[in-house]
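Inside the fold
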Amino acid sequence: GFTPLYAGGGASPVGQALAGVGVSAPDTRTGQLFRERFEDEAGRTAGGRPLYRLDVAIDERRFGRGLRIDNVANRYELRLTVRYRLVALDTGGVMTEGEEPIYITYDVADQPYAGVAAHQDGQERAASEAAIRVRQSLQRYFADRTVAVRIAAPSPFPMTSATVNTRPSLQG
């Protein structure tokens, strides 16, 4: 049957697995923003010992998109490519990996500080979106593993041919 990813909240197997993920992100502003948002999204607590390490690489590029008549950009596109790898700390084995491309645009005003603030806001929005997408990917991964474990486990209610009628009765 259908089981929602969020069934049981943080107490669910998926929620517990996510809370056990520690993040190893680049020592950049965007890396720090990603780490903070991912840990918030995953429900990670400061005192908890991680079971997994999420290795993250972030490629950040900025392109001028809107040009004024004096050939100065007044609109930018920020592209983040976040590559991640989930590693089990007990074995060192790679459990899953992936890549999430993020595209954010923002306007830049003529004042220098406004331009800096707009760029920083774009970084925050991009890091936040990347953290949400990576969290969703890991939720799917952990949910699939949880379902596979449940399917592989022996049923507490064994079914035999005596307990299951596979053909409807036509007598009557």
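Residues numbered from 1 in each chain as written. Predicted model: local features only at pLDDT ≥ 70, side-chain atom pairs only at ≥ 80, totals over all residues. Heavy atoms only, no water.

This brings us to the overall build of the protein chain. Scanning the protein chain from N- to C-terminus turns up three helices and four strands. Along its sequence from the N terminus, the protein chain presents helices and strands in the succession α-β-α-β-β-β-α. Sorting the 172 residues of the protein chain into buried and exposed places 35% on the buried side. Here the analysis covers contacts within the protein chain between residues at least 6 apart in sequence; of these, 62% occur between residues at least 24 apart. (Helix = DSSP H or I, 4+ residues; strand = E, 2+ residues; numbered from the N terminus. Buried < 20%, exposed > 50% of the residue type's maximum accessible area, 1.4 Å probe, protein only. Contact = heavy atoms within 4.5 Å.)

Ranked by size, the top nonpolar core spans 36 residues in total, and within it Phe34, Phe38, Leu54, Val56, Leu138 and Phe142 carry the most contacts. Mapped onto this core, the elements with two or more residues apiece are α1 (13–19), β1 (21–24), α2 (29–42), β2 (52–67), β3 (73–88), β4 (94–107) and α3 (112–152). It is α3 that provides the largest number of residues to this core, a total of ten residues. Excluding residues within four positions of it along the chain, phenylalanine 38 makes contact with Leu18, Val21, Val23, Leu54, Ala131, Val134, Arg135 and Leu138. (Core = buried A, V, L, I, M, F, W, Y, C linked by side-chain atoms within 4.5 Å.)

On to the pattern of salt bridges. Taken as a whole and assessed by the stated rule, the structure comprises 13 salt bridges. Where aspartate 70 meets arginine 68, a salt bridge forms, and the shortest distance between an N and an O atom there is 3.0 Å. The partly exposed category is assigned to aspartate 70, whose relative accessible area is 46%. Through salt bridges with shared partners, one network takes in Arg37, Glu41 and Arg135. (Salt bridge = Lys/Arg side-chain N within 4 Å of Asp/Glu carboxyl O.)

Our focus in this paragraph is the packing of aromatic side chains. As enumerated under the stated definition, the model contains four aromatic pairs in all. Look at phenylalanine 34 and phenylalanine 38: their rings are 6.1 Å apart centre to centre, the planes differ by 15°, and that puts the pair in the stacked class. Here phenylalanine 34 pairs with phenylalanine 38, and both are found in helix α2, just four residues apart, close to one helical turn. Here phenylalanine 34 and phenylalanine 38 have matching classes, each one buried. (Phe/Tyr/Trp six-rings, centres within 6.5 Å; stacked < 30°, edge-to-face > 60°.)

Here glutamine 123 is to be found in helix α3. Residue glutamine 123 is classed as buried on the basis of its relative accessible area, which comes to 8%. If sequence neighbours within four positions are ignored, glutamine 123 has contacts with Arg29, Thr30, Leu33, Glu60 and Leu78.

With respect to the helices and strands, the residue threonine 81 is situated in strand β3. Look at threonine 81 and you get buried, because its relative accessible area is 18%. Residue contacts for threonine 81: discarding those within four places in its chain leaves Ala57, Ile58, Asp59, Glu99, Glu100 and Pro101.

This paragraph deals with the environment of glutamate 129. With respect to the secondary-structure elements, glutamate 129 resides in helix α3. For glutamate 129, a relative accessible area of 29% gives the class partly exposed. In the structure, glutamate 129 is positioned 92 residues away from arginine 37 in sequence and 9.0 Å away in space, judged by C-alpha atoms.

Turning our eyes to something else, we now look at the environment of leucine 51. Within the secondary structure, leucine 51 is located in the loop between α2 and β2. Residue leucine 51 is classed as partly exposed on the basis of its relative accessible area, which comes to 47%. Separated by 30 residues in the primary sequence, leucine 51 and valine 21 have C-alpha atoms spaced 6.2 Å apart. Dropping the residues within four chain positions of it, leucine 51 is found in contact with Gly20, Val87, Ala88 and Leu89.

As a further point, take the sheet that holds β2. Reading across the sheet, the four strands line up as β1-β2-β3-β4 and stay open at both edges, with mixed pairing between neighbours. If you trace the sheet from one side to the other, it starts and ends with β1 and β4, each paired once. Each strand of the sheet is rotated relative to its neighbour by a mean of 25°, with strand direction disregarded. Two elements, β3 and β4, share 13 bridges in a ladder whose sense is antiparallel. Following the sheet pairing, threonine 81 is matched in β4 by proline 101. Each of β1, β2 and β3 touches α2; the most contacted strand, β2, lies at about 125° to it. (Pairing = 2+ DSSP bridges. Axes fitted to C-alpha atoms, helices over the stretch in contact; angles between N-to-C directions.)

Function-wise, these values are silent; they only describe arrangement.
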